[in-house]
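Observations on chain architecture
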There are 2 protein chains.
Amino acid sequence: MTPKTSSSPPVLTIAGSDCSGGAGIQADLKTFCAYKCYGASVITALTAQNTIAVADVFATPPQFIEKQVGMVLSDIDIKAIKTGMLFDAENTRAVVRSIEKHYSSSPSTKPPIICDPVCVSTSGHTLLHSDALDVLINELFPLATLITPNKSEAELLLSQRGFPMKINALEDMISAASRMILIFASHAVLVKGGHITATIEDVNRLAKANSQVRVLRHGLLGENMEILLASGEGRPDIDFNPELVVDVLQERGGETTLFVRPRVESTSTHGTGCTLSAAIACALAHGGTLVDAIDSATVYTHLGIETAEPIGQGHGPLNHLHSISKVLIPKPTRFNPYPFTKFLINSTAPTWKAYVEHDFVKQLGKGSLPRSAFLHFIIQDYHYLKYYARAYGLLAAKSSAFTEIDAATRTVLNILSEINTHKAFCHSFGVTQEELDSTPETTATTAYGAYLIDTGLQGDSTKLLMALLACLLGYGEVGLWLKKEATKEDSWVVYEGNSYKQWMDDYSGVGYQQAVWLGLGVIEARASGDPPSVLRLEEWKNVWERCTLLEKGFWDSAMANA
Amino acid sequence: MTPKTSSSPPVLTIAGSDCSGGAGIQADLKTFCAYKCYGASVITALTAQNTIAVADVFATPPQFIEKQVGMVLSDIDIKAIKTGMLFDAENTRAVVRSIEKHYSSSPSTKPPIICDPVCVSTSGHTLLHSDALDVLINELFPLATLITPNKSEAELLLSQRGFPMKINALEDMISAASRMILIFASHAVLVKGGHITATIEDVNRLAKANSQVRVLRHGLLGENMEILLASGEGRPDIDFNPELVVDVLQERGGETTLFVRPRVESTSTHGTGCTLSAAIACALAHGGTLVDAIDSATVYTHLGIETAEPIGQGHGPLNHLHSISKVLIPKPTRFNPYPFTKFLINSTAPTWKAYVEHDFVKQLGKGSLPRSAFLHFIIQDYHYLKYYARAYGLLAAKSSAFTEIDAATRTVLNILSEINTHKAFCHSFGVTQEELDSTPETTATTAYGAYLIDTGLQGDSTKLLMALLACLLGYGEVGLWLKKEATKEDSWVVYEGNSYKQWMDDYSGVGYQQAVWLGLGVIEARASGDPPSVLRLEEWKNVWERCTLLEKGFWDSAMANA
């Protein structure tokens, strides 16, 4: 099998199915999505359960577990495996056998394996037969990078090996973890503290007593955050001094790490253990260290509980989707290379059409546009181009890279050279330089020009680019449309002999069109490089549509003054 | 059961499990995540398969299907259901029975049901026994809002009812869809066109011949997009004239809708049908109309194929995660009400510490700060405050709401009144107005002040707020820290009798702190209202850290001039 690089590394869960979606492979697959991992899932047992109770469990035949594992591993380059509920001794053995079988010929390709030793459901339902404990300990743990027991699982596992102990405090968790790393063969043990109360004093005392204990705090204030602390005083919606949950990691090398976070009082805890081990597997698949992976996973799971919405009538599921948001503009593809520009045009289609198929344009194409209207237009366009050049100057001033300064400045120079062509063009229509300069700006011109400058001063360079786009694209569109219509049989466009032929040629010509393509590229790169939020996309759309309307107003004014 | 409103509506899939993760309930759950729906899943059969073949199928006992459906529906307020592979007659009956049982007492609460009549896998494996066809048609279809057969499923279903036909062209699809709506009892039929070739001419011909046929195009250029079309000429990475895929929707009311998109040549099509029907269910659960839901789902599925990365060695899965991105800054919570500010401080901790625990600050707290250093500082601070006031003036000019203009302007007035206190303060240290005005700015002052103005001119108002934050937060932090240290036993801070007592009081006082809390609120609202991309977050962090360094430089300069 050729290893394939992927931005979504494949992760496999081997666990039970929770039809209500909060735990088991369902929680795992949701977590994989949130971590942008590709999820595969081998089902060891079906459960009929909901947020209140487990009604029944139906075990997968062991041979069928082996078949599933075999099909997945022989085809997909799995970067991490987690195991959850395995149900009984036979099924646990099937899992061990199928993993060992696949990696026996190349042990170095075995990915990290996180073993969540699921024994009993929150509601008290047995999820692992007692005869499976020894198989778990003797056969699966030796394959595991990490095992993640909670309080009662750790007690059960230790007792099974003749070390009964009660885990009631943080110190007990640390002893349990040290003991487990001695007697179990996994590389590391994470004893989860969800059922144990701890305070910041407990953590500080422990850290002080043992300098080898590393403490990672989350959702808690650190040094030099007095300002945040003070802001919370007397506010019931803020709690900077919560009870804590601490998970204890013991690694084979001797390192102990405490993962500390606030305790959330919540009933949305169904599937917490599944979610945590799935998240650890994902973070490892993305290439993190074990400590970083657990750190990320505890934060992810904590936020899942804290942001959960009520679902069901018992212990509801976590919110697995708190850290993802929908992308509003899709990535450019072969069939849709300009998704952002297409979005702008589509979402303002009537305005855009009113601009690019303006009566001014149609009459220009027919050659029937009154000369006075055209003269009005080109004189006002002369004034407008001064704003337009200044706006690109402002864009240069707002740029942060030399390439951007270069592009904006070249555009200013292009506009200045266009001005010379424009003057010559005006001259051919009998408009003198003096007339150009002495004709006052219309309101339509001032509105549009000043809006460009205002937008540039008010927002960032991307917003200014949005404002500059309507003019750039619209004239390109009009030029191409007229030219295309002109080539049709019995066309309404009069090309040869049209007094405005030169104007049509200019905007459909390769020089102008190349400027359009450059502009398209820049705007698409902005939209995909810094994907807009709902708010910013709306703002960009508004600026675009406003300029489209101002363009229309510009031609309205020309027609009204014909 | 109390109906609960949710921003993540619960959706249920009843289907088979694909351990390799590309199809079945796995594809469904991934799709639910991408649509921000809560996913539940009843498993009708396990498969051992991968991207190459289906090795084996293991059916869930019918009673256990009923149990699963019962547990889910009795607890969770499901907003849409989709069914996929049902395997055999018994299991199909079990699905029908359990749905009917739950909704019999309140039929009006029955959510939309999308039935994907999965019969045969892409690789040719039978996924529905032939004796199940009649159950599907007679018992499940009458419950369905929509059925979604592909070419071969449509042929099979029609043949089962004595209407054999071959579906080879778009016209055949339309006849098949009309025929099916007549003989089957579902509300609507979507005949999927993935296996049928169509061109834009076919679509136009059909739309012309029948004015009642509605056409929805995606990934295709529309009207007034000549500029986009022209940009693609001669570019092999752009294809504006692709072969098409058309899905045909026939509704019971008589409406026909064609969903048209480009055909993607790809082997990443494993699970396409599952994904499409799951996406339709999600869009309906969110409250869309049937046509909008199918429109959204076809686009989602199309992009899933077009953006897929290679996984496995056969027909790989779609990319289900193309339209989601990771949120970089979590939502504010009770334990972490200022996630963005905490991120800024944490990610620049050494710089922040070098600023707020500067030697200047420590000596000031001890009362050992040389008077000359403090005088240098307050004179330069006088100059700095002019920039600072101007920067808030600029912020007012860049604001888009009256409330924002108000907040910025009040801050300017606060700074101006602070200037008067500052002058009196300077006076108490023997510094005259003349000396204040005649002392030149240091490079440190100009660098910091001019950087504020430059940032304000260069970026948007949020970027300017980032620049203003280091000063606002830092002085608040220093004030609170010194005050807190002063209250400790044997404190190093000398409070009473310290010549700089007034300065400590000012910045730890409630007046200044309230300004800090207001600022914190504004900045957090910006970060969560317009969640930053990787690029913007980096930019914001850089501005913040730059100002933190400039603050440090300000105090370095005071110490150097002591």
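These lines cover the structure that appears in this document, whether it is placed above or below. Quick caveat, the model's predicted, so the values are computed rather than measured.

Residues and elements named next belong to chain A. Between helix H18 (residues 461-487) and helix H21 (residues 534-560), the least distance of the axes is 8 Å, while the angle of their chain directions is 45°. Of the possible angle classes, the one that applies to H18 and H21 is oblique. Our pair here, H18 against H21, has a crossing hand that is right-handed. Along its contact with H18, which presents Thr462, Lys463, Met466, Ala467, Leu469, Ala470, Cys471, Leu473, Tyr475 and Val478, the element H21 presents Glu539, Trp540, Val543, Trp544, Cys547, Thr548, Glu551 and Trp555. Among the residues forming the contact of H18 with H21, the class breakdown is 13 nonpolar, two polar and three charged.

Moving on: the relation of the copies chain B and chain A. Rotating chain B by 180° about the axis while translating it 0.0 Å along that axis superimposes it on chain A, leaving an RMSD of 0.1 Å. The transformation just described matches what one would write down for a two-fold rotation axis. Ranked by how close their C-alpha atoms come to the rotation axis, the residues of chain B are headed by B:Asp460, at 2.2 Å.

The next thing to look at is the packing of aromatic side chains. What the rule picks out here adds up to 61 aromatic pairs over all chains. Both rings, one in A:Phe360 and one in A:Trp555, keep their centres 5.3 Å apart while their planes meet at 10°; by these two values the pair is stacked. Of this pair, A:Phe360 sits in helix H13 (residues 359-366) while A:Trp555 sits in helix H21, and the two are 195 residues apart along the sequence. You can call A:Trp555 buried: its relative accessible area is 0%. Aromatic pair B:Tyr475 and B:Trp555: ring centres 5.4 Å apart, planes at 40°, arrangement tilted. Highlighted residues: B:Tyr475 in helix H18 (residues 461-487) and B:Trp555 in helix H21 (residues 534-560), separated in sequence by 80 residues. B:Trp555 carries the same exposure label as B:Tyr475, and that label is buried.

Okay, the interface of chain B and chain A next. The extent of an interface is frequently quoted as the accessible surface area lost upon association of the parts. Each partner contributes to the interface: chain B provides 124 residues, whereas chain A provides 124 residues. Across the chain B/chain A interface, buried area totals approximately 10,600 Å², and carbon plus sulfur atoms make up 60% of it. When residues of chain B are sorted by the area they lose upon contact with chain A, B:Asn224, B:Ile227 and B:Phe335 head the list and together hold 8% of the total. For B:Glu223, the salt bridge is made with A:Lys353, and the minimal N-O distance between the two is 2.7 Å. For the pair chain B and chain A, the number of links is 61 residue pairs in polar contact (both at pLDDT 80 or more). Here the side of chain B that touches chain A gets ten residues from one element, more than from any other, and that element is strand S2 (residues 38-49) of chain B. Of the residues that constitute the side of chain B that touches chain A, the class distribution is 61 nonpolar, 38 polar and 25 charged. Pairing analysis gives three bridges linking strand S11 (residues 324-326) of chain A to strand S11 (residues 324-326) of chain B, with the strands arranged antiparallel.

Conventions and cut-offs
- Residues numbered from 1 in each chain as written.
- Chains lettered and ligands numbered in written order.
- Predicted model: local features only at pLDDT ≥ 70, side-chain atom pairs only at ≥ 80, totals over all residues.
- Heavy atoms only, no water.
- Axes fitted to C-alpha atoms, helices over the stretch in contact; angles between N-to-C directions.
- Helix = DSSP H or I, 4+ residues; strand = E, 2+ residues; numbered from the N terminus.
- Parallel < 35°, antiparallel > 145°, perpendicular 65-115°, else oblique.
- Left-handed = near helix turned anticlockwise from the far one by under 90°.
- Contact = heavy atoms within 4.5 Å.
- Nonpolar A, V, L, I, M, F, W, Y, C, P; charged D, E, K, R; others polar.
- Least-squares fit on C-alpha atoms with pLDDT ≥ 70 in both.
- Phe/Tyr/Trp six-rings, centres within 6.5 Å; stacked < 30°, edge-to-face > 60°.
- Buried < 20%, exposed > 50% of the residue type's maximum accessible area, 1.4 Å probe, protein only.
- Buried area = accessible area lost by both parts, 1.4 Å probe.
- Salt bridge = Lys/Arg side-chain N within 4 Å of Asp/Glu carboxyl O.
- Polar contact = N/O pair within 3.5 Å; in protein donor to acceptor, adjacent residues only side chain to side chain.
- Pairing = 2+ DSSP bridges.

Everything listed here is a matter of geometry and, on its own, says nothing about what the molecule does.
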